[in-house]
Amino acid sequence: MNIPLLDLKKEYELYGKNIEKAVVEVLQSGSYILGDKVKQFEREMANYLGVQYAAGVANGTDALLLALEALDIGEEDEVITTPFTFFATAEAIAKVGAKPVFVDIEPDTYNIEVKKLEGAITKKTKAIIVVHLFGMAAEMDSIMEIASLHHLKVIEDACQAIGTEYKGKRVGSIGDVGCFSFFPTKNLGAFGDGGLVVTNHPEIHEKICRLRNHGSIEKYIHTSIGMNSRLDEIQAAILLEKLKLLDMFLFKRIVVANKYFQELHHVKRKPPQYTDKRHTYHQYCVEVEERDRLIRFLNQKGIATGIYYPIPLHLQKAFQNLQYQQGDFPVSENVAKHILALPINPTLTVKEQEYIIQAMKEFAGVLP
């Protein structure tokens, strides 16, 4: 077999004709930037996520950047986040001139360790960027309580967590601002880059819309310095079609994840399952010993894997100015040495998954 980590070609077979029709409609319309498709997508996403306002932007990184700017976070400010996430989370903090302050992660969820959060708060702290990593919701009740106590803003980095739920609420709708990415490999992916910023605060939404469009709401009238970060009509049209299948695809991911959970008894650590959280499994990551040897073994059998993430952010060269050292965040560092992502395509067949599980058991020597 040949089983990729994600099979976008198979997905395209399910919605390709509808997307092609939608794209042609945009091409024929002559309206390509901030037109009707973007407005429709913003409305439908706001409704899906349970928020008042949504603004389409160019990508998930810009979503984070715009959220920080809209909350007036910049020079001399500190923003707390996790060292175990994609680089863009902390990159956006640095880009606005603020200082990323890292807090280690929980060993089971890989999300920020709430018990260590207050210890990182200083007089300069202005916000917390909460990452819902791999589609697992962070402990938002506790985080919001801490933020309220210390008068901090909360930005939800839900770039990997579209449709994820926490106690009946979809993530992105709980903090002051929610940020989403529609990079092609995301659970709701565009055919290029795309992003979204959501909020329940009208003044934040107005500022996001102004900043994404060169600081302008009225054409050629610029009230602030902004940037060019707009979701285009073609990507909005594509996302509108894919949104129709999103919940079906998420359900399939959950089914695949449940099968892994039941069958991979021998694996050191698997994603935990909670009754008050809906994990949407952007990645299905396990922790294993002899990771490199397992990767080679699975590769020989045609099974693709991935490592998310091999180097925590506090050890990245780009953040050496923060003066963190090896050992500062031991949980993140340990996870980085053992974590491995298995295929969890929504188009993964039962036969393919059984083949993966069999291979995992064969490597571990636990076959009956």
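You'll find the structure just up there.
Summarised in this report is the structure supplied together with it. (Residues numbered from 1 in each chain as written. Predicted model: local features only at pLDDT ≥ 70, side-chain atom pairs only at ≥ 80, totals over all residues. Heavy atoms only, no water.)

The next subject is the environment of Asn213. Considering the arrangement of structural elements, one finds Asn213 in the loop between helix H6 (202–211) and helix H7 (233–263). Asn213 gets classed as buried once you look at its relative accessible area, which sits at 17%. For the pair Asn213 and Gly226, spaced 13 residues apart in the sequence, the C-alpha separation amounts to 6.4 Å. Leave out the neighbours within four places in its chain, and Asn213 touches Leu34, Met227 and Arg230. (Helix = DSSP H or I, 4+ residues; strand = E, 2+ residues; numbered from the N terminus. Buried < 20%, exposed > 50% of the residue type's maximum accessible area, 1.4 Å probe, protein only. Contact = heavy atoms within 4.5 Å.)

The biggest cluster of nonpolar side chains holds 45 residues, and the ones touching the most others in it are Phe41, Leu49, Ile80, Ile143 and Leu196. Secondary-structure elements contributing two or more residues to this core are helix H2 (36–49), strand S4 (125–131), helix H5 (140–149), strand S9 (195–199) and H7. Formed by 27 residues, the second largest nonpolar core is a distinct cluster that contains Ala55, Val79, Ala127 and Cys179. (Core = buried A, V, L, I, M, F, W, Y, C linked by side-chain atoms within 4.5 Å.)

If you walk through the whole model with that rule in mind, you get zero disulfides. Unpaired in terms of disulfides, Cys179 finds its nearest cysteine sulfur in Cys159, a separation of 6.2 Å. Considering cysteine sulfurs only, Cys179 is the nearest to Cys209, which forms no disulfide, with 13 Å between them. Classification of Cys209 by relative accessible area gives buried; the value is 14%. (Disulfide = S-S within 2.5 Å.)

With that out of the way, let us pick up the packing of aromatic side chains. Per the stated rule, a full pass over the model turns up 17 aromatic pairs. Seen from their ring centres, Tyr12 and Tyr15 are 6.2 Å apart, and the 90° between their planes marks the pair as edge-to-face. One end of the pair, Tyr12, and the other, Tyr15, are both in helix H1 (residues 8–29), three residues apart, so they sit about a helical turn from each other. Residue classification places Tyr15 among the buried residues on the basis of a relative accessible area of 4%. Judged by centre distance (6.4 Å) and plane angle (20°), the ring pair of Phe134 and Tyr309 falls under stacked. (Phe/Tyr/Trp six-rings, centres within 6.5 Å; stacked < 30°, edge-to-face > 60°.)

With mixed pairing, the seven strands of this open sheet are ordered in space as S1-S9-S8-S5-S4-S2-S3. Single-partner strands in this sheet number two, and they are strand S1 (53–57) and strand S3 (99–102). Each adjacent strand pair in this sheet contributes to an overall mean axis angle of 25°, direction not counted. Pairing of S4 with strand S5 (residues 153–157) involves five bridges; the strand directions are parallel. Paired with Ile129 across the bridge in S5 is Ile155. Seen against the sheet, H2 touches S1, strand S8 (177–181) and S9 and runs at an angle of roughly 130° to S1. (Pairing = 2+ DSSP bridges. Axes fitted to C-alpha atoms, helices over the stretch in contact; angles between N-to-C directions.)

Tallied over the entire structure, the rule returns three cavities of 30 Å³ or more. Taken as a whole, the largest cavity spans an internal volume of roughly 60 Å³. Lining the largest cavity are Asp108, Thr109, Tyr110, Leu133, Phe134, Met136, Pro271, Pro272, His279, Gln283 and Cys285. The calculated volume of the second largest cavity comes to roughly 40 Å³. In terms of lining, the second largest cavity is formed by Leu6, Leu8, Glu11, Pro184, Lys186, Asn187, Phe249, Arg253 and Pro346. Elements supplying a minimum of two residues to the lining of the second largest cavity: H1 and H7. Taken together, the residues of the lining of the second largest cavity break down into five nonpolar, one polar and three charged. (1 Å grid on protein atoms, 1.4 Å probe; cavity = no way out; pocket = protein on both sides within 12 Å on 5 of 7 lines; lining within 4 Å. Points joined across faces, edges and corners; volume = space filled by probe spheres on them. Nonpolar A, V, L, I, M, F, W, Y, C, P; charged D, E, K, R; others polar.)

This part covers a nonpolar patch on the surface. A contiguous nonpolar surface patch, about 280 Å² in accessible area, is contributed by Leu27, Tyr32 and Ile33. Tracing the backbone through its elements, the reader meets Leu27 in helix H1. (Patch = residues over 30% accessible without salt bridge, like charges linked within 9 Å, V, L, I, M, F, W, Y side chains within 5 Å. Areas by Shrake-Rupley, 256 points an atom, 1.4 Å probe, with all protein chains shown as cover. Salt bridge = Lys/Arg side-chain N within 4 Å of Asp/Glu carboxyl O.)

Interaxial distance between helix H3 (residues 60–70) and helix H4 (residues 88–95) falls to 9 Å at its minimum, and their mutual angle equals 40°. In terms of orientation, H3 lies oblique with respect to H4. Crossing of H3 against H4: the hand is right-handed. Counted together, Thr61, Leu64, Leu65 and Leu68 of H3 and Ala88, Thr89, Glu91, Ala92, Ile93 and Lys95 of H4 form the full contact between these two elements. Residue composition of the contact of H3 with H4, grouped by class: six nonpolar, two polar and two charged. (Parallel < 35°, antiparallel > 145°, perpendicular 65-115°, else oblique. Left-handed = near helix turned anticlockwise from the far one by under 90°.)

Owing to its 3.6 residues per turn, the α-helix brings residues three or four apart onto one side. The first and last C-alpha atoms of helix H10 (residues 350–364) sit 21 Å apart over 15 residues, in line with the 21 Å expected at 1.5 Å per residue. The set of residues buried in H10 consists of Glu352, Gln353, Ile356, Ile357, Ala359, Met360, Lys361 and Phe363. Of the surrounding secondary structure, the elements contacted by the buried residues of H10 are H1, H7, helix H8 (291–300) and strand S12 (339–342). Backbone geometry just downstream of H10 places Gly365 in the positive-phi region, at approximately 70°. (Expected span 1.5 Å × (residues − 1).)

This next bit is on the environment of Phe183. Along the chain, Phe183 falls in the loop between S8 and S9. Here the alpha-carbon distance between Phe183 and Gly195, two residues 12 residues apart in the chain, equals 7.8 Å. Ignoring sequence-local partners within four residues, the contact set of Phe183 consists of Leu188, Gly189, Ala190, Gly192, Asp193 and Gly194.

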